[in-house]
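One-letter residues, chain by chain:
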Amino acid sequence: MVISPWENQTTIVEFVLRGFSSIRQLNIFLFMMFLVFYILIVSGNILVILLVLFSYHLHTPMYFFLVNLSFLEIWYTSNIVPKMLLIITAGQKTISVAGCLAQFYFFGSLAATECLLLAVMSYDRYLAICQPLQYPILTTGPLCFRLAASSWLCCFFLTAITIVLLSRLTFCGPNEIDHFFCDFTPLVHLSCMHTSLTKNIAYATSSAVTVVPFLLITASYSCILVAILRIPSGTGWQKAFSTCSSHLTMVRVFYGTLIGTYLVPSANSSQLLHKGFSLLYTILTPMFNPIIYSLRNKDIHEALKKCLSKKPGFLR
């Protein structure tokens, strides 16, 4: 009988997240910086949610999807940053296998949901610019709710398939993950079983929720660009661009950091460089969301001014 090389090895029950141990001398600086970023992310996105909820003139499809995006960013960051702060300061680097799989499940599901929400928001901008007369009829409240709910449910279901496959793998050492959170690639590298099926299915599902939405976004903005070029006046151009500039900026930031993380670093790149790229989409992108929509959006400016001045119109 042939004995598999992993049969005599002890199955591990917890992983060790190394975090930023290679630059341990910067722990205090990193802790303060990440803590400030986390506070800004949570407070900024909560502010956007409250402004939209209590400003009735913002009760439109675009801001409904923005609320979903802001809620996602809070949850997305809270899944990673608090544990990362504990790793840096308290040295609590261990995480159970179940906890690691749970962290990756929420990370993967929320990242995929953001891709679909960005695609839905681009479709909303396409209807607003290319079919302005039919826009109020096409973008009804029930439709917007179904699009948002479908984005959440679809991504959480697809990521669950990968989690089921990962949970069936055996991890028998080493148990160190050279990262600050549980990502897919470091996890499968620690398995002592054949992982080709898990990798193929994971790559197929991740491609479906990243590449397909990106193609839809590209198609939407191609149609928007054609429609804008047909507008005779420069004022019309400016108005059309202003309705989608914030969303387009978010798309560039999100997909730019995603591409930088998974395509730019090669196998020969240092793990520290990979962690740096990972920080872009786990911290910087969620922080840019409220900044972009507050600095480049007149409706948000107006709602914020009414809130600060406590005008009655804020709730009407």
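Calculation criteria
- Residues numbered from 1 in each chain as written.
- Predicted model: local features only at pLDDT ≥ 70, side-chain atom pairs only at ≥ 80, totals over all residues.
- Heavy atoms only, no water.
- Disulfide = S-S within 2.5 Å.
- Helix = DSSP H or I, 4+ residues; strand = E, 2+ residues; numbered from the N terminus.
- Buried < 20%, exposed > 50% of the residue type's maximum accessible area, 1.4 Å probe, protein only.
- Pairing = 2+ DSSP bridges.
- Patch = residues over 30% accessible without salt bridge, like charges linked within 9 Å, V, L, I, M, F, W, Y side chains within 5 Å.
- Areas by Shrake-Rupley, 256 points an atom, 1.4 Å probe, with all protein chains shown as cover.
- Salt bridge = Lys/Arg side-chain N within 4 Å of Asp/Glu carboxyl O.
- UniProt positions renumbered as here; feature names shortened; annotations may be inferred.
- Polar contact = N/O pair within 3.5 Å; in protein donor to acceptor, adjacent residues only side chain to side chain.
- Phe/Tyr/Trp six-rings, centres within 6.5 Å; stacked < 30°, edge-to-face > 60°.

Asker: Can you lay out the state of the cysteines for me, pointing to particular residues and giving the numbers?
Answerer: Tallied over the entire structure, the rule returns one disulfide. The disulfide bridge from Cys100 ends at Cys182, spanning 1.9 Å between sulfur atoms. Looking along the S-S bond of the Cys100-Cys182 disulfide, the torsion reads about -120°, which is the left-handed sense. Here Cys100 is found in helix α4 (residues 97-130), whereas its partner Cys182 is found in the loop between β3 (176-177) and α7 (184-189), with 82 residues between them in sequence. Both residues of the pair, Cys100 and Cys182, count as buried. In this structure Cys155 is a free cysteine whose sulfur lies 5.1 Å from that of Cys154, the closest cysteine sulfur available.

Asker: Go over the sheet that holds strand β2 (residues 94-96) with me, naming the residues and quoting the values.
Answerer: The sheet built from three strands is open, its strands ordered β2-β1-β3 with mixed pairing. Looking at which strands have only one partner, the edges of the open sheet turn out to be β2 and β3. The pairing of strand β1 (residues 14-17) with β3 spans two bridges and is classified as parallel. Bridge pairing in β3 links Val16 to Glu176.

Asker: Go over the pairing of β1 with me, naming the residues and quoting the values.
Answerer: Two elements, β1 and β2, share three bridges in a ladder whose sense is antiparallel. Looking across to β2, one finds that Glu14 is bridged to Ser96.

Asker: Outline a nonpolar patch on the surface, listing residues and values.
Answerer: Together, Ile46, Leu50, Leu53 and Phe54 give the surface a local cluster of nonpolar side chains, amounting to about 350 Å² of exposed area. Here Leu53 shows up in helix α1 (residues 27-54).

Asker: Tell me what's going on with the UniProt feature "transmembrane region" (unreviewed entry) in the chain, and back it up with residues and numbers.
Answerer: The UniProt record annotates "transmembrane region" (unreviewed entry) at residues 28-56, 63-82, 102-123, 143-166, 201-228, 240-264 and 276-295. End C-alpha atoms of residues 201-228 are separated by 40 Å, and the span's content is 100% helix alongside 0% strand.

Asker: Could you give an account of the side chain of Thr282, with specific residues and numbers?
Answerer: Residue position: Thr282 is located in helix α10 (residues 271-295). Separated by 2.9 Å, the side chain of Thr282 and the backbone oxygen of Ser278 make a polar contact.

Asker: A description of the packing of aromatic side chains should follow, citing residues and the corresponding values.
Answerer: By the definition in use, this model includes 23 aromatic pairs. A ring pair is formed by Trp75 and Phe106, whose centres lie 5.4 Å apart and whose planes are at 45°; its orientation type is tilted. Placement of the pair is Trp75 in helix α2 (residues 61-78) and Phe106 in helix α4, with a sequence separation of 31 residues. For Trp75, a relative accessible area of 31% puts it in the partly exposed group. For the pair Phe104 and Phe184, a centre-to-centre distance of 6.0 Å together with 35° between the ring planes defines the contact as tilted. Taken as a pair, Phe104 in helix α4 and Phe184 in helix α7 lie far apart in primary sequence, 80 residues in all.

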